[in-house]
Amino acid sequence: MTYLLGLRLDGRDVLVVGGGRVAQRRVPVLLDAGARVTLISPEVTATLEDLAAAGRLSWERRGYRPGDVRDGDLGDFWLVHVATDDPGVNAAVAEEADSVRVWCVRADDRHASSAWTPASGSAAGVTVGVIADGDPRRAAGLRDAVTEGLAEGTLDARRGREPLRGVALVGGGPGDPGLITVRGRQLLSQADVVVVDRLAPTSLLDQLPGDVEIVDAAKIPYGRSTTQEEINRVLVDRAKQGRFVVRLKGGDSFLFGRGAEEAAACVREGVPVTVVPGVTSALAGPAAAGIPATHRGVAQDVHIVSAHVAPDDERSTVDWGALARVNGTVVVLMGVERIGAIAAALIGHGRAPDTPVAIVQDATLPTQRTVVATLETVEGIAAEGGVRPPAIVVIGEVVNAARELDILHGGPDHAGSPPLSGESAARSADDRSDTGRKGNRVL
Ligand SMILES: C[S@@+](CC[C@H](N)C(=O)[O-])C[C@H]1O[C@@H](n2cnc3c(N)ncnc32)[C@H](O)[C@@H]1O
């Protein structure tokens with residue numbers, strides 16, 4: 001049997017002997033707990049060296065010497081971790097620690113260790129530590145199950161906790177429920193009210209307790225600008241009732257997500273706001289289709305633009321002429337209905353008509369498909385293929401690079417062949433939209 005303690009290491013000295021993989025895993029956790037870490041090892045991993053260079057720990061670049069634990073020259077140690085590849089050194093350190101009644105975690109021999117590190121993790125403001133009678137894999141599995149349950153809300157961490165207040169703007173990622181951040185998921189599990197967008201990972205809502213109010217922002221009536229005002233009003237109103245509101249949005253709230261407007265509306269009314277960044281579809285969409293936004297030797301720059309109005313619309317502030325002159329990648333959101341006008345504007349401003357284009361529809365969702373064309377052919381191919389929003393348009397040589405690297409989803413049949421264009425592209429791309437065929441999905 002063990003006696004599980006939560007050590008409050010803030011400002012206390014901890015000695016780590018050995019600078020290999022075990023130390024690399026343990027040291028960051030000790031630092032996060034506020035410990036003053038001294039590391040003794042003639043060599044350390046690059047990560048530990050970086051921490052030493054940044055002054056986050058003190059590194060004695062040498063082997064262990066008897067007296068290091070006891071004498072107090074290096075610090076008054078409350079805890080020792082020893083993880084060298086020499087069992088004799090490990091035993092000597094553990095023995096010295098025992099002699100001065102300092103707990104010592106010995107990585108190579110748990111039976112000879114006076115203390116064990118539990119498998120630990122945090123979720124929903126709770127820290128969990130599991131010791132499974134010395135079976136670290138079982139402990140890690142249980143730790144994962146508990147932290148996942150807390151994050152998902154299937155274990156109700158709200159009970160007995162100080163309730164959260166205000167509004168959290170949570171970027172929900174591109175749609176796949178696995179692509180929300182851990183923090184976002186944790187806050188969602190604490191929500192009293194969720195105000196949700198159409199493109200957010202709505203399948204997560206099913207896991208929330210029945211008493212959570214779900215406000216479907218997509219269904220709030222009236223015109224577009226009034227809708228935003230209404231959303232702002234709902235956020236402020238519910239938060240002022242003392243309920244914790246999660247505003248769950250698609251992608252990242254601050255990239256074409258009007259997140260800043262919502263944050264400002266809350267701040268104006270004295271409602272505290274937390275912003276949780278999300279995985280934006282602008283980068284996740286191409287990535288999920290196997291297209292890198294940048295690629296060494298191909299594209300050093302990536303430009304993300306909104307085409308919710310066409311290039312020739314007087315409300316457009318996008319400099320399409322500048323985008324035509326760059327060699328890098330252009331990622332267009334909200335552009336699929338205006339793809340013809342976008343392609344014409346880029347060609348008109350001098351971008352090569354055979355510049356490759358990919359359209360990724362329903363990125364990261366089970367219905368994801370990718371259509372490949374060129375600037376010259378994309379309008380026809382998109383129409384013929386029935387491409388619909390939501391979709392990300394990727395323009396640039398990275399599309400061909402993905403094909404050449406054989407990572408464009410559904411592209412294995414065409415590896416090494418010339419860039420796709422025209423009707424054959426529509427057919428092949430459509431055939432190829434079965435991204436699972438080669439088993440090379442990125443997610
Ligand atoms: C109003 S913008 C919101 C963007 C969002 N804030 C983000 O960071 O991903 C909506 C556009 O995002 C793109 N989009 C969002 N989710 C998508 C998905 N799963 N697949 C493809 N495009 C997506 C589409 O271009 C869509 O028209």
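Scroll up to find the structure.
Residues numbered from 1 in each chain as written. Predicted model: local features only at pLDDT ≥ 70, side-chain atom pairs only at ≥ 80, totals over all residues. Heavy atoms only, no water.

(A) Seen up close, the packing of aromatic side chains. With the rule as written, the count across this model stands at zero aromatic pairs. The ring of tryptophan 78 carries the charged tip of arginine 12 above its face, separated from the ring centre by 4.2 Å. (Phe/Tyr/Trp six-rings, centres within 6.5 Å; stacked < 30°, edge-to-face > 60°. Lys NZ or Arg CZ within 6 Å of the ring centre and 35° of its normal.)

(B) Local environment of the side chain of histidine 81. Its location among the elements puts histidine 81 in strand 4 (residues 77-82). Classification of histidine 81 as buried rests on a relative accessible area of 6%. Among all residues touching histidine 81, those that are not within four sequence positions of it are Val14, Leu15, Val16, Val17, Arg26, Leu30, Val105 and Thr117. (Helix = DSSP H or I, 4+ residues; strand = E, 2+ residues; numbered from the N terminus. Buried < 20%, exposed > 50% of the residue type's maximum accessible area, 1.4 Å probe, protein only. Contact = heavy atoms within 4.5 Å.)

(C) Quick look at the pairing of strand 16 (residues 369-374). Along strand 16, six of the six residues are buried, which leaves the element largely enclosed by surrounding structure. Residues of strand 16 alternate between two faces, with Arg369, Val371 and Ala373 on one and Thr370, Val372 and Thr374 on the opposite face, all of them buried. Across six bridges, the pairing between strand 15 (residues 356-361) and strand 16 is antiparallel. Pairing of proline 356 across the sheet is with threonine 374, part of strand 16. (Pairing = 2+ DSSP bridges.)

(D) How the structure looks around the site of the ligand. Taken together, 17 residues form the shell around the ligand, and within it Pro174, Leu255, Thr280, Ser281 and Ala391 come nearest. Leucine 255 has a polar backbone atom sitting 2.7 Å from a nitrogen atom of the ligand. Taking threonine 280, its side chain carries an N or O atom lying 2.7 Å from an oxygen atom of the ligand. Out of a free accessible area of 570 Å², the ligand has 90% covered by protein chains. Here the residues of the shell around the ligand are counted per class, giving eleven nonpolar, four polar and two charged. Each of two domains, domain 3 (167-279) and domain 4 (282-431), supplies a minimum of three residues to the shell around the ligand. (Near = heavy atom within 4 Å. Polar contact = N/O pair within 3.5 Å; in protein donor to acceptor, adjacent residues only side chain to side chain. Areas by Shrake-Rupley, 256 points an atom, 1.4 Å probe, with all protein chains shown as cover. Nonpolar A, V, L, I, M, F, W, Y, C, P; charged D, E, K, R; others polar. Domains from an automatic or database assignment.)

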